[in-house]
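Close look at the chain arrangement
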Amino acid sequence: MPERDFIARHLVPLATAPAARGLADDAAVWAPPLGRDLVFTHDVLACGIHYLAGDPPSDIAWKLLAVNLSDLAAMGATPAGVLLGLGMSAAEDAAWRETFTRGLGRALAAFDVALWGGDTVSGLDRAVLGLTAIGHVAPGGALSRRGACIGDAIWVSGTIGDAGIGLTMARGTIPAAKPLLDRFRRPMPRLALGQALVGVATACMDVSDGLLIDADRLGRASRARLDIDVAAVPVADGPWTTGLDDRLARVTAGDDYELLFTTPADADVPALAARARTPVTRIGTVVAGAGVRALCDGRDVTPDRLGWEHG
Ligand SMILES: Nc1ncnc2c1ncn2[C@@H]1O[C@H](COP(=O)(O)OP(=O)(O)O)[C@@H](O)[C@H]1O
Ligand SMILES: Cc1ncc(C[n+]2csc(CCOP(=O)(O)OP(=O)(O)O)c2C)c(N)n1
Ligand SMILES: [Mg+2]
Ligand SMILES: [Mg+2]
Ligand SMILES: [Mg+2]
């Protein structure tokens, strides 16, 4: 199907917001909410690197949106619109494209986010899918990785390491369980929690590369060290969570899209998290130093490899 037919048939029906101008102009025009700070992010998903070629196209669309909304959540922002960059190969045939865009429509509706525009390219060797997400936050309220203070409590939302197990299941290495496959294919950005943390968290980021490597980044940005008790890190129930090695695998796996944040030790985080309907767990304390340290029964168990990094 030629590019213009694909856009007309599958993308124009999704681009209903006035800012998108029916995808009939060269760019979108958005009248932002008065007095708010605007927040921009862009993440790419590449076939074989971020998802498997056989993953359901509707789940790939969900993940592409969700990983970007997770970055807006980490900033405390409310999402408004997105620009979509579709770079596709011959493997993304007409059926793939139709299922992808239908799934994208459902994902946009689930998060009340508008498609404002984008670009479509075919003929690549492998699919590379980009998305820019734009949101807004109270002036000066955007969260940061830089503000953690010595003595602050360290918190994480949800459970950690599930997506890593889900990836192993998606590869067919171990028997599949839908909840963990979904953690890999359909992450759930913690938007309500991020917004509730504005004015409360001293530092915040989302966990994409692994809890330890991302904690290391937050610690370095704040010129402090995050001491994390790996036994306190919440994990999903199952037969695969037993010894220290399993725990270290989980806290270095990545693809979690949970929020890692710090607060003053006396902040009532459980009450705030309950209002945001998001489970949170205290996993450590900010101390003097730099980066991260993983502890188990008070012993330093920090592994050499802290998480995922692109080469
Ligand atoms: N190609 C790029 N051009 C400009 N900025 C980039 C690029 N790649 C990454 N960044 C910026 O570097 C910072 C770290 O990126 P990254 O580790 O991907 O963050 P995240 O894990 O939150 O997506 C972010 O502020 C991001 O916007
Ligand atoms: C097929 C496949 N293999 C391996 C992984 C593991 N993995 C790939 S990239 C990544 C980190 C997150 O991706 P990145 O592009 O770094 O996102 P960002 O940190 O910018 O949000 C992880 C854990 C995966 N998601 N899919
Ligand atoms: Mg990124
Ligand atoms: Mg991030
Ligand atoms: Mg990364």
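The shown structure was predicted, so the numbers you read here are calculated from the model rather than taken from an experiment.

1. Here we look at the domain arrangement of the chain
- Domain annotation for the chain reports domain 1 (3-137) and domain 2 (153-299).
- The C-alpha-based centres of domain 1 and domain 2 are spaced at 26 Å.
- Contacts between the two partners involve 16 residues from domain 1, matched on the other side by 20 residues from domain 2.
- Taken together, the residues that form the side of domain 1 that touches domain 2 break down as nine nonpolar, three polar and four charged.

2. Side note on the site of ligand 2
- Taken together, 14 residues are adjacent to ligand 2, and Ser-208, Asp-209, Gly-254, Asp-255 and Trp-308 come closest.
- Tallied by class, residues from the shell around ligand 2 come to six nonpolar, five polar and three charged.
- Each of domain 1 (3-137) and domain 2 (153-299) contributes no fewer than three residues to the shell around ligand 2.

3. Some remarks on the UniProt feature "binding site: Mg(2+) 2" (unreviewed entry) in the chain
- Taking the numbering used here, the UniProt-annotated feature "binding site: Mg(2+) 2" (unreviewed entry) corresponds to Asp-43 and Asp-71. A stretch of 29 residues holds the annotated residues, and the largest C-alpha distance among them is 8.9 Å, short enough that they meet in one place.
- Along the chain, Asp-71 turns up in helix H2 (residues 57-74).
- For Asp-71, a count of 23 C-beta atoms within 10 Å translates into the label buried.
- When near neighbours in sequence (up to four residues on either side) are disregarded, Asp-71 contacts Thr-41, Asp-43 and Asp-206.

4. Some points on the nonpolar core
- Leu-65, Cys-204, Leu-211, Ile-228 and Leu-260 are the most contacted members of the largest nonpolar core, which totals 78 residues.
- Per element, the largest residue contribution to this core is eleven residues, and it comes from H2.
- Looking at which domains feed residues into this core, each of domain 1 (3-137) and domain 2 (153-299) supplies at least three.
- Residue contacts for Cys-204: discarding those within four places in its chain leaves Ala-74, Leu-143, Gly-194, Leu-197, Leu-259 and Phe-261.

5. Focus: the environment of Val-128
- Residue position: Val-128 is located in strand S4 (residues 128-137).
- Judged by the 18 C-beta atoms lying within 10 Å of it, Val-128 falls in the partly exposed class.
- Ignoring anything within four residues of it in the chain, the contact list for Val-128 reads Val-44, Ala-46 and Gly-87.

6. A word on the sheet that holds strand S2 (residues 78-89)
- Read from one edge of the open sheet, four strands run S1-S4-S2-S3, paired in mixed fashion. Looking at the sheet topology across the chains shown, the edges are occupied by strand S1 (37-46) and strand S3 (114-124). The average angle at which neighbouring strand axes cross in this sheet is 15°, direction not considered.
- Against the sheet, H2 engages S1, S2 and S4, with an angle of about 140° to S1.

7. Focus: the environment of Ala-177
- Turning to its location among the elements, Ala-177 is positioned in the loop between helix H4 (162-170) and helix H5 (178-185).
- The class of Ala-177 is partly exposed, set by 16 C-beta atoms lying within 10 Å.
- Placed 19 residues apart in sequence, Ala-177 and Ala-196 show a C-alpha to C-alpha distance of 32 Å.

8. Here we look at the packing of H2 against helix H3 (residues 94-111)
- Interhelical geometry of H2 versus H3 gives an angle of 40° and a closest axis separation of 7 Å. Here H3 runs oblique to H2, going by the angle between their axes. The way H2 lies across H3 gives a crossing that is right-handed. Residues Pro-57, Ser-58, Asp-59, Ile-60, Ala-61, Trp-62, Leu-65 and Leu-69 of H2 lie in contact with H3, whose contacting residues are Trp-96, Thr-99, Phe-100, Arg-102, Gly-103, Leu-104, Ala-107, Leu-108 and Phe-111.
- Residues belonging to the contact of H2 with H3 are distributed by class as follows: twelve nonpolar, three polar and two charged.

Analysis parameters
- By convention here, each chain's residues receive numbers from 1 onward along its written sequence.
- To label them, take the chains in the order written and letter them from A, then take the ligands in the order written and number them from 1.
- Selection of residues for local features in this predicted model requires a pLDDT of at least 70, selection of side-chain atom pairs for listing and counting requires 80 or more, and totals for whole chains, interfaces and linings are taken over all residues.
- Per the annotation, domain bounds derive from an automatic or database assignment of domains.
- In this description, any two residues whose backbone-derived C-beta atoms lie within 7 Å of each other are considered to be in contact.
- Polar here means any residue other than Ala, Val, Leu, Ile, Met, Phe, Trp, Tyr, Cys and Pro, which are nonpolar, and Asp, Glu, Lys and Arg, which are charged; Gly is therefore polar.
- Nearness is defined per residue: the C-beta atom, placed using the backbone, must lie within 6 Å of the molecule or strand.
- UniProt positions are given in the numbering used here, feature names are shortened, and annotations may be inferred rather than shown by experiment.
- Runs of E in the DSSP output that reach at least two residues are strands. Runs of H or I that reach at least four are helices, and both are numbered from the N terminus.
- The burial criterion counts other C-beta atoms lying within 10 Å of a residue's C-beta, which is placed from the backbone; the residue is buried at 20 or more, exposed at 12 or fewer, and partly exposed between these limits.
- In this usage, the nonpolar core is the set of buried Ala, Val, Leu, Ile, Met, Phe, Trp, Tyr and Cys residues whose C-beta atoms join them within 7 Å.
- Pairing between two strands requires that DSSP report at least two bridges joining them.
- Every axis in this analysis is a line fitted to C-alpha atoms, fitted for helices over the stretch in contact. Angles between the N-to-C directions lie between 0 and 180 degrees.
- What sets the label is the angle itself: under 35 degrees gives roughly parallel, over 145 gives roughly antiparallel, 65 to 115 gives roughly perpendicular, and the rest give oblique.
- Each helix crossing is assigned a hand: it is left-handed if the near helix lies turned anticlockwise from the far helix by less than a right angle, otherwise right-handed if that turn is clockwise.

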